[in-house]
Amino acid sequence: NTIYYQGSFTERAALMITAKKLIVDEYDRCKQDIIEQYDSRLQSIANPKKAFFSNPSKPDFGIDIWYQKSDQKKWHITHSCGKQYIMDEGCIDYKAEMYKCPYCKGEIVDEERRMGEWIATSTGEWSGYWIPLWIAPWMPANKIAEMKREKSPEFFANFVAGLPYLNTNDMLSDQLLEQNLIDRIHEQQGRIIIGVDTGHNIHYVIGNKNGIFYHGYINSVAENEASHAPIKD
């Protein structure tokens with residue numbers, strides 16, 4: 001067999017090779033459209049293999065999408081008190097800078113972290129693993145606590161906790177959007193404001209102080225063709 005090491009920033013690299021297995025490292029930092037082109041190179045066989053590795057970046061993007069489709073394996077440990085549980089951030093006592101059992105409050109020793117096992121917490125078509133830094137038996141709790149204090153929340157989530165991070169100042173998640181949807185249309189009274197965005201079609205939104213209540217577009221080629229629909233706030 002031949003192993004090809006290719007980049008993810010040029011179309012030429014993705015179009016030169018026919019493959020049977022695709023392994024993508026640092027998936028979230030790659031150009032997603034180029035990775036899709038690599039995926040097209042697996043069509044020479046019926047059941048190609050795929051593997052994606054990455055620190056997550058944002059929710060519902062990149063590696064997080066694949067993990068949500070997977071069986072979501074998590075590292076479970078068995079403490080000396082007899083309890084078995086996921087080794088998550090709740091097992092870290094940041095004040096005492098130690099790993100602590102959430103049940104008996106006793107210390108979790110390195111050997112107990114090392115002798116854990118992967119257990120699926122969901123069903124899915126992929127085999128997925130959540131790998132936070134604190135499950136590594138050589139990583140002391142005081143180093144985790146230090147990074148919690150000194151690093152940004154985004155850095156800690158992505159590179160220590162192994163979780164996607166949502167900066168509410170920069171983006172809106174699908175979950176947050178859905179939580180704010182209501183099953184009614186605003187009254188179309190008072191001062192009306194229309195926003196227009198040009199492009200292949202001319203898109204517009206119409207709203208008032210209560211929010212947007214109408215949206216649609218006008219075909220930029222045939223202006224007599226238009227599409228519009230009321231929306232729920």
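Residues numbered from 1 in each chain as written. Predicted model: local features only at pLDDT ≥ 70, side-chain atom pairs only at ≥ 80, totals over all residues. Heavy atoms only, no water.

(A) Main features of the state of the cysteines. For the structure shown, the criterion picks out zero disulfides. Cys101 provides the cysteine sulfur closest to Cys81, a residue in no disulfide bond, and the two sulfurs are 3.8 Å apart. Residue class for Cys81 comes out partly exposed when judged on its relative accessible area of 36%. You can see Cys104 has no disulfide; the closest cysteine sulfur is in Cys101, sitting 3.8 Å from it. (Disulfide = S-S within 2.5 Å. Buried < 20%, exposed > 50% of the residue type's maximum accessible area, 1.4 Å probe, protein only.)

(B) Main features of the side chain of Lys73. By secondary structure assignment, the location of Lys73 is in strand β3 (residues 73-78). Side-chain polar atoms of Lys73 contact the side chain of Asp71, separated by 2.6 Å. Excluding its chain neighbours within four sequence positions, the residues that come into contact with Lys73 are Tyr67, Trp118, Ile119, Ala120, Ser127, Gly128, Tyr129 and Trp130. (Helix = DSSP H or I, 4+ residues; strand = E, 2+ residues; numbered from the N terminus. Polar contact = N/O pair within 3.5 Å; in protein donor to acceptor, adjacent residues only side chain to side chain. Contact = heavy atoms within 4.5 Å.)

(C) Structural view of the packing of aromatic side chains. Scanning the entire structure with this criterion turns up nine aromatic pairs. When the ring of Tyr27 is compared with that of Phe52, the centres are 4.9 Å apart and the planes differ by 55°; the resulting orientation is tilted. Placement of Tyr27 in the loop between β1 (21-24) and α2 (32-40) and of Phe52 in strand β2 (residues 49-52) is noted, with a sequence separation of 25 residues between them. On the accessibility criterion, Phe52 (13% relative accessible area) is buried. Their ring planes at 85° and their centres at 5.1 Å tell us that Trp118 and Tyr129 sit as a pair that is edge-to-face. With a gap of 11 residues between them, Trp118 in strand β7 (residues 117-120) and Tyr129 in the loop between β7 and α5 (141-150) connect regions that are remote in the sequence. On the basis of relative accessibility, which here comes to 31%, the residue Trp118 falls in the partly exposed class. The exposure class of Tyr129 is partly exposed, given its relative accessible area of 42%. Taken together, the aromatic side chains of Tyr27, Phe52, Trp66 and Trp126 make up a single cluster linked through ring pairs. The positively charged end of Lys69 is found above the aromatic ring belonging to Trp66, 4.7 Å away from the centroid. (Phe/Tyr/Trp six-rings, centres within 6.5 Å; stacked < 30°, edge-to-face > 60°. Lys NZ or Arg CZ within 6 Å of the ring centre and 35° of its normal.)

(D) Representation of the pattern of salt bridges in the model. A complete count under the given rule lists eight salt bridges for this structure. Its salt-bridge partner being Lys50, residue Asp39 comes within 2.6 Å of it at the nearest N-O pair. Here Asp39 is found in helix α2, whereas its partner Lys50 is found in strand β2, with 11 residues between them in sequence. Residue classification places Asp39 among the partly exposed positions, given a relative accessible area of 28%. The partner of Arg113 in a salt bridge is Asp110, and the shortest N-O contact between them spans 2.9 Å. (Salt bridge = Lys/Arg side-chain N within 4 Å of Asp/Glu carboxyl O.)

(E) Just the environment of Asn210, in detail. Considering the arrangement of structural elements, one finds Asn210 in the loop between β9 (201-208) and β10 (211-219). For Asn210 and Gln188, which are 22 residues apart along the polypeptide, the C-alpha to C-alpha distance reads 9.1 Å.

(F) View of the sheet that holds strand β4 (residues 84-86). A sheet is described by the order of its strands in space; here three strands give the open sequence β4-β3-β7, paired in antiparallel fashion. Two strands lie at the open edges of the sheet, namely β4 and β7, each paired on one side alone. Across the sheet, the mean angle from the axis of one strand to that of its neighbour is 45°, orientation sign disregarded. Judged from the four bridges that link them, β3 and β7 form a sheet pairing that is antiparallel. Pairing of Lys74 across the sheet is with Ile119, part of β7. (Pairing = 2+ DSSP bridges. Axes fitted to C-alpha atoms, helices over the stretch in contact; angles between N-to-C directions.)

(G) Quick look at the side chain of Arg113. In this fold, Arg113 is placed in helix α4 (residues 110-114). The class for Arg113 is buried, based on a relative accessible area of 0%. Within the structure, the side chain of Arg113 is placed 2.8 Å from the backbone oxygen of Trp134, a separation counted as a polar contact. Of note is the side chain of Arg113, whose polar atom sits 3.3 Å from the backbone oxygen of Met139. Those residues in contact with Arg113 that lie beyond four places of it in its chain are Trp75, Ile77, Met87, Tyr99, Ile108, Trp134, Ile135, Ala136, Pro137 and Met139.

(H) Broad picture of helix α6 (residues 153-160). Residues of α6 that are buried: Phe156, Ala157, Asn158 and Val160. Where α6 is buried, its residues contact α5. Phi turns positive one or two residues past the end of α6, at Gly162, with a value near 65°.

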